[in-house]
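These are the residues of each chain, in order.
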Amino acid sequence: MEEITIAAVRETPLSVDEVLDAVTDERAGGTAVFIGTVRDHDHGRDVAGLAYSAHPTVEAQLRVIMEKVLSDTSAPGRPVLRMAAVHRVGRLEIGDRAVVVAAAAAHRQEAFEACRRLIDDLKAQVPIWKHQSFEDGADEWVGVSGAP
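In every chain, residue numbers begin from 1 and rise along the written sequence. The predicted origin of the model limits local features to residues at a pLDDT of at least 70 and limits the giving and counting of side-chain atom pairs to 80 or more, whereas totals for whole chains, interfaces and linings rest on all residues. To obtain the side-chain values, all non-hydrogen atoms of the structure were used and water was disregarded.

Caption draft 1: A look at the overall build of the protein. Every helix listed is a DSSP run of H or I at least four residues long, and every strand listed is a run of E at least two residues long, numbered separately from the N terminus. Assigned secondary structure in the protein consists of 3 helices and 9 strands. Starting at the N terminus and ending at the C terminus, the protein contains elements arranged as β-α-β-β-β-α-β-β-β-α-β-β. For 148 residues, the compact-globule estimate of 2.2 N^0.38 gives 15 Å, and the protein sits close to it at 16 Å. If you line up the protein on its principal axes, its C-alpha atoms span 55 × 30 × 25 Å. Whether a residue is buried, partly exposed or exposed follows from its accessible area with a 1.4 Å probe, protein chains only, as a fraction of its type maximum: under 20%, in between, or over 50%, in that order. Buried positions account for 42% of the 148 residues belonging to the protein. Contact definition: two residues touch when any of their heavy atoms are within 4.5 Å. Once local pairs closer than 6 in sequence are excluded, the contacts in the protein between residues at least 24 apart make up 73%. Values of accessible area rely on a 1.4 Å probe in the Shrake-Rupley scheme; residue burial ignores everything except the protein chains shown. As displayed, the protein has an accessible area near 7800 Å², and 49% of this comes from carbon and sulfur atoms. What the globule rule says is 2.2 Å times the number of residues to the power 0.38, and the radius of gyration is computed from C-alpha atoms.

If you want it as structure tokens, here you go:
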């Protein structure tokens, strides 16, 4: 059984059920899920919407990061059993799901730690860029420095 069950970037709406089902494991005593949504504000400014774009190698790079998280967060005798991550690209509206990640482990501590580390490392290291549009007509790019 593979530990990384989904490492994907998609243009279609994201399913929390798909990600949760992908990490379900009879050995798991804890499952942690993070859902990132498009909010209506950023740094005191009203957001109109945004678009995500990604480097062509994004899924391979996401898998590398997930393997590192698995290695770093599994404790002796308390492994992280399964992980899944999916990020959306393209135009998103306020309230849309932008990312869903999950981790299942024998114990809750490892599940929480792996899920938290996965979303943090994904945002910091995976080459996905956000073009954010504001209600006042301004726009900005976020994450452009993450290019490989």
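Now that the structure has been shown, we can carry on.
Caption draft 2: Representation of the packing of aromatic side chains in the model. Stacked, tilted and edge-to-face pairs are distinguished by plane angle, under 30 degrees for stacked and over 60 for edge-to-face with tilted covering the rest, among Phe, Tyr and Trp rings (Trp via its six-membered ring) whose centres lie within 6.5 Å. This model, assessed by the stated rule, comprises 0 aromatic pairs. Ring-over charges, as used throughout, are those where CZ of Arg or NZ of Lys falls within 6 Å of the ring centre and within 35 degrees of the ring normal. The side chain of R45 reaches across the aromatic face of F134, ending 3.8 Å from its centre.

Caption draft 3: Expanded view of the side chain of H87. Tracing the backbone shows H87 in strand β5 (residues 80–88). Under this definition, polar contacts are N or O atom pairs within 3.5 Å; protein pairs additionally need one hydrogen-donor-capable and one acceptor-capable atom, and for neighbouring residues in sequence, both atoms have to be side-chain atoms. Here the side chain of H87 touches A98 through a polar contact of 3.3 Å, landing on its backbone oxygen.

Caption draft 4: Region of the structure containing the nonpolar core. M66, M83 and V101 are the most contacted members of the largest nonpolar core, which has 31 residues in total. Ignoring anything within four residues of it in the chain, the contact list for M83 reads E3, I4, T5, I6, V23, M66, V69, L70, A102, A103, A114 and L118. As used in this record, nonpolar core signifies buried Ala, Val, Leu, Ile, Met, Phe, Trp, Tyr and Cys residues forming a set joined through side-chain atoms within 4.5 Å. Among the nonpolar cores identified, the runner-up in size contains 12 residues, and V16, V19, A84 and V86 belong to it.

Caption draft 5: Expanded view of the environment of L50. Take L50: it is sitting in strand β4 (residues 45–54). Separated by 13 residues in sequence, L50 and T37 place their C-alpha atoms 11 Å apart. Those residues in contact with L50 that sit more than four places away from it in its chain are V38, G90, R91, L92, K130, H131 and Q132.

Caption draft 6: Seen up close, the pattern of salt bridges. What makes a salt bridge here is a side-chain nitrogen of Lys or Arg within 4 Å of a carboxyl oxygen of Asp or Glu, nothing more. Within the structure shown, the criterion is met by 11 salt bridges. A salt bridge links D25 to R27; the shortest N-O distance between them is 2.8 Å. You can call R27 exposed: its relative accessible area is 51%. The salt bridge involving R91 is made with E93; its shortest N-O contact spans 3.6 Å. The network of salt bridges with shared partners includes K68, D72, R117 and D121.

Caption draft 7: Here's a closer look at the side chain of E110. With respect to the helices and strands, the residue E110 is situated in helix α3 (residues 108–125). On the basis of relative accessible area, E110 is assigned to the buried category, the value being 4%. E110 has contacts with T73, A75, R78, V80 and A105, leaving out every residue within four places of it along the chain.

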